[in-house]
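Now for the letters of each chain:
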Amino acid sequence: GQNIDQPTEMTATEGAIVQINCTYQTSGFNGLFWYQQHAGEAPTFLSYNVLDGLEEKGRFSSFLSRSKGYSYLLLKELQMKDSASYLCAVRDKNDYKLSFGAGTTVTVRA
Amino acid sequence: EAGVTQSPTHLIKTRGQQATLRCSPISGHTSVYWYQQALGLGLQFLLWYDEGEERNRGNFPPRFSGRQFPNYSSELNVNALELEDSALYLCASSLTANYGYTFGSGTRLTVV
C-alpha cells in the first residue's frame, strides 16, 4: 500500500509563490497526481508525473523524485481563487488505484 | 462532453437504513471508482469496477457494496447505515485503469 504525507495547512499572500511538498512510500509506483479541491466541490486534475523532473503547466508546476519518494506542487503568482485543498495521490502499479494524502489547505490572503 | 454525474446530490438517512448512490461515467470510460471523504479526512478508496467486474475494494466492511451495469454506470449500496458513514461519496471514471481520474461532484450522505 501507500503512505502519503503532506502538510495540513499553508498560508500565502496574493501574488506570492507556495510550494506544497508530498512524500510517499509505496510498494509499486506508477505515477503521482495532484488535484485541486475547492470546499464542497469535486477534486479537479492539476498535474501528473511518472518520470523524474519538473512538469510545468502555466502557473502550476509539479516535480517528482522517485528515488526520494518526493514530489512538490509549485503555485506561482497566487490568486485568491487558488484558495483550496491540494491533494497528492499515488497510483499503484499492481492495482492501478489512486491513494490520496489528506490534502493541504492553502489560504491566499490579500 | 458530459462529465461524471452522480445522484442524488444530497441524501439523508436514518441509522440502520440502506442508501443507494448512483454514478454515470464519462462516455467511453469503462472504469469507475468510489471514494469516501469524511469531514476533515482524505479520500478513502472504496471500490473499483471495470468492464462490469469488481477489480479491487478498500478496507471497508462488507455492508459497503456495489455493482457496475452493462452501460458502465455504477451503484454504491451502503447497508445498515451508521452515523460515521456520514460523508461525501465521490465517484470517478477513467478511460482505462492506466489513465487519470475525472471526479463527479459527489453525493453528500448524512446519517441521523
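None of these values were measured; they are calculated from a predicted model.

Parameters and conventions
Every chain begins its residue count from 1, and numbering advances along the sequence as written. Here chains are named by letter from A upward and ligands by number from 1 upward, in the order in which they appear as written. Since the coordinates come from a predicted model, pLDDT governs what is reported: local features require at least 70, and pairs of side-chain atoms require 80 or more to be given and counted, while whole-chain, interface and lining totals use all residues. In computing side-chain values, all of the structure's heavy atoms are included and hydrogens and water are not. Two strands are said to pair when DSSP picks up at least two bridges between them. Strands here mean DSSP runs of E at least two residues long; helices mean DSSP runs of H or I at least four residues long; both are numbered from the N terminus. In this description, a line fitted to the C-alpha atoms serves as the axis of each element, helices being fitted only across the stretch in contact, and the angle between N-to-C directions of two axes falls anywhere from 0 to 180 degrees. Contact definition: two residues touch when any of their heavy atoms are within 4.5 Å. Buried area: the sum, over both parts, of the accessible surface (1.4 Å probe) that disappears when the two are put together. We define a salt bridge as a contact between a side-chain nitrogen of Lys or Arg and a carboxyl oxygen of Asp or Glu at a distance within 4 Å. Any pair of N or O atoms that falls within 3.5 Å is considered a polar contact. Within protein, one atom must be able to donate a hydrogen and the other to accept it, and sequence-neighbouring residues count only if both atoms are side-chain atoms. Cysteine sulfurs are considered disulfide-paired once they come within 2.5 Å of each other. Between buried and exposed lies partly exposed: a residue is buried under 20% and exposed over 50% of the maximum accessible area for its type, with that area taken using a 1.4 Å probe on protein chains only. Pairing of aromatic side chains here covers Phe, Tyr and the six-membered ring of Trp, requires ring centres within 6.5 Å, and sorts the geometry by plane angle: under 30 degrees stacked, over 60 edge-to-face, intermediate tilted. Like-charged residues are merged into a patch within 9 Å and nonpolar side chains (Val, Leu, Ile, Met, Phe, Trp, Tyr) within 5 Å, provided each residue has over 30% relative accessible area and no salt bridge. Computed with the Shrake-Rupley method and a 1.4 Å probe, the accessible areas treat only the protein chains shown as cover for residues.

Here we look at the sheet that holds strand β1 (residues 5-7) of chain B
Residues and elements named next belong to chain B.
Then comes step 1: With antiparallel pairing, four strands are arranged side by side in an open sheet as β1-β3-β8-β7. Unpaired on one side and paired on the other, β1 and β7 (64-68) mark the two borders of the sheet. Averaged over all pairs of adjacent strands, the angle between their axes in this sheet comes to 15 degrees, without regard to strand direction.
Then comes step 2: The pairing of strand β3 (residues 19-24) with strand β8 (residues 74-78) spans five bridges and is classified as antiparallel. When the bridges of β8 are listed, Ala-19 appears paired with Val-78.

Looking at the interface of chain A and chain B
Then comes step 1: Taken together, the 15 residues of chain A in the interface contact 17 residues of chain B.
Then comes step 2: Summed over the three residues of chain A that lose the most area to chain B, namely Tyr96(A), Lys97(A) and Phe100(A), the buried surface amounts to 32% of that side.
Then comes step 3: In this assembly, chain A and chain B are joined by zero salt bridges.
Then comes step 4: Run the count over chain A and chain B and you get four residue pairs in polar contact (both at pLDDT 80 or more).
Then comes step 5: For the side of chain A that touches chain B, the secondary structure elements donating two or more residues are β4 (29-37), β9 (84-92) and β10 (98-100) of chain A.

A few points about the state of the cysteines
Then comes step 1: This structure, assessed with the given rule, holds two disulfides over all chains.
Then comes step 2: Two residues share a disulfide in this structure: Cys22(A) and Cys88(A), whose sulfurs sit 2.0 Å from each other. On the S-S bond that ties Cys22(A) to Cys88(A), the torsion sits near -70 degrees, and the link is left-handed. Taken together, the residues Cys22(A) in strand β3 (residues 18-26) and Cys88(A) in strand β9 connect sequence positions 66 residues apart.
Then comes step 3: Taking the relative accessible area as the measure of exposure, Cys22(A) reaches 0% and is therefore buried.
Then comes step 4: The class for Cys88(A) is buried, based on a relative accessible area of 0%.
Then comes step 5: Paired by a disulfide, Cys23(B) and Cys91(B) hold their sulfur atoms 1.8 Å apart. A torsion of -60 degrees about the S-S bond marks the disulfide between Cys23(B) and Cys91(B) as left-handed. With Cys23(B) in strand β3 and Cys91(B) in strand β9 (residues 87-94), the pair connects residues that are 68 residues apart, well separated along the chain. Neither Cys23(B) nor Cys91(B) differs from the other in exposure class; each is buried.

As for the packing of aromatic side chains
Then comes step 1: Inspection of the entire model under this criterion finds 19 aromatic pairs over all chains.
Then comes step 2: Each member of the aromatic cluster is reached from another via a ring pair, and the members are Phe33(A), Tyr35(A), Phe45(A), Tyr48(A), Phe100(A), Tyr33(B), Tyr35(B), Phe45(B), Trp48(B), Tyr101(B) and Phe103(B).

Focus on the side chain of Ser94(B)
Residues and elements named next belong to chain B.
Then comes step 1: Checked against the element boundaries, Ser-94 lands in strand β9.
Then comes step 2: Here Tyr-33 takes part through its side chain, which lies 3.3 Å from a polar atom of the side chain of Ser-94.
Then comes step 3: In this view, Ser-94 contacts His-29, Thr-30, Ser-31, Tyr-33, Tyr-99, Gly-100 and Tyr-101; residues no more than four positions away in its chain are not counted.

Brief notes about the pattern of salt bridges
Then comes step 1: Counted under the stated rule, the structure contains eight salt bridges over all chains.
Then comes step 2: For Asp52(A), the salt bridge is made with Arg66(A), and the minimal N-O distance between the two is 3.0 Å. In this pair, Asp52(A) sits in the loop between β5 (44-49) and β6 (53-57) while Arg66(A) sits in the loop between β7 (60-65) and β8 (70-75), placing the two residues 14 residues apart along the sequence.
Then comes step 3: Shared partners join several salt bridges into a network, and the residues in it are Arg22(B), Arg67(B) and Glu75(B).

Side note on a nonpolar patch on the surface
Then comes step 1: Residues Phe45(A), Tyr48(A), Val50(A) and Leu51(A) make up a contiguous nonpolar surface patch of roughly 340 Å² in combined accessible area.
Then comes step 2: Inspection of the secondary structure assignment puts Leu51(A) in the loop between β5 and β6.

Looking at the environment of Arg63(B)
Residues and elements named next belong to chain B.
Then comes step 1: Following the sequence through the fold, Arg-63 ends up in the loop between β6 (53-57) and β7.
Then comes step 2: For Arg-63, a relative accessible area of 15% gives the class buried.
Then comes step 3: Taking C-alpha positions, Arg-63 is 20 Å from Ser-7, a pair spaced 56 residues apart along the chain.
Then comes step 4: Dropping the residues within four chain positions of it, Arg-63 is found in contact with Asn-77, Val-78, Asn-79, Ala-80, Leu-81, Glu-82 and Asp-85.
Then comes step 5: Within the local environment of Arg-63, its side chain forms a polar contact with the side chain of Asp-85, the two groups lying 2.7 Å apart.

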